Structure formats: C-alpha cells, structure tokens
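What the coordinates show
Now for the letters of each chain:
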Amino acid sequence: MRKADTVNEMRLNMKLKSARGEPETAGGPSLSLHEEPSEADLEAKCAAELAQQQKRRREMEDQQLEKLCQDKGAQANAAA
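Summary of the structure given here. (Residues numbered from 1 in each chain as written. Predicted model: local features only at pLDDT ≥ 70, side-chain atom pairs only at ≥ 80, totals over all residues. Heavy atoms only, no water.)

1. Overview of the overall build of the protein chain
What the protein chain contains, in helices and strands, is two helices and zero strands. Here the protein chain holds 80 residues, and 1% of them are scored as buried. In the structure as shown, the protein chain presents an accessible area of about 8200 Å², 54% of it carried by carbon and sulfur atoms. (Helix = DSSP H or I, 4+ residues; strand = E, 2+ residues; numbered from the N terminus. Buried < 20%, exposed > 50% of the residue type's maximum accessible area, 1.4 Å probe, protein only. Areas by Shrake-Rupley, 256 points an atom, 1.4 Å probe, with all protein chains shown as cover.)

2. With respect to the pattern of salt bridges
Per the stated rule, a full pass over the model turns up one salt bridge. A salt bridge links R56 to E59, with the shortest nitrogen-to-oxygen separation between them at 3.5 Å. Separated by three residues within a single helix, R56 and E59 lie in helix 2 (residues 39–79), roughly one turn from each other. Taking the relative accessible area as the measure of exposure, E59 reaches 34% and is therefore partly exposed. (Salt bridge = Lys/Arg side-chain N within 4 Å of Asp/Glu carboxyl O.)

Below you can see the structure in the form of structure tokens.
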C-alpha cells in the first residue's frame, strides 16, 4: 500500500499484473471494414443537405419578415 496512491490504484495494479490478465470480453472494440459510399452517393447526400439548409434559411427569413410586418402594423395602429 506504500507505493499505491489509492486503494483503487492498488487494485488496478493487482489486476494488471495478475497471471489471468483481462477477460476476453474486455479486449476492446473489434474493428471491421465498411464499404465507403461512392462519390455519386456523397454528392447526392451533399446536394440534399444543401437543399434542406436553403429551405430552412428561407423559412427563417419568411418568419423574420412576417414578424417585421406585424411590428410595423402594430406601430402604425398605435400611432393612429
């Protein structure tokens, strides 16, 4: 216990230095190769995302314009 900073560190050192080692299930993530999307698929996905962004931008601009029109109408009614 003198060299270990904490009890948990001592337990970890005991586990790491044991003859049994790590269980097979704790070996870490397994790696596998996946097919990369084709260039045409990437371009189509990019185009769809860009169209969605433009649509959302137009919706936000329409909402801002509508709010400005409402504010001007309210100011005109208050002035009258």
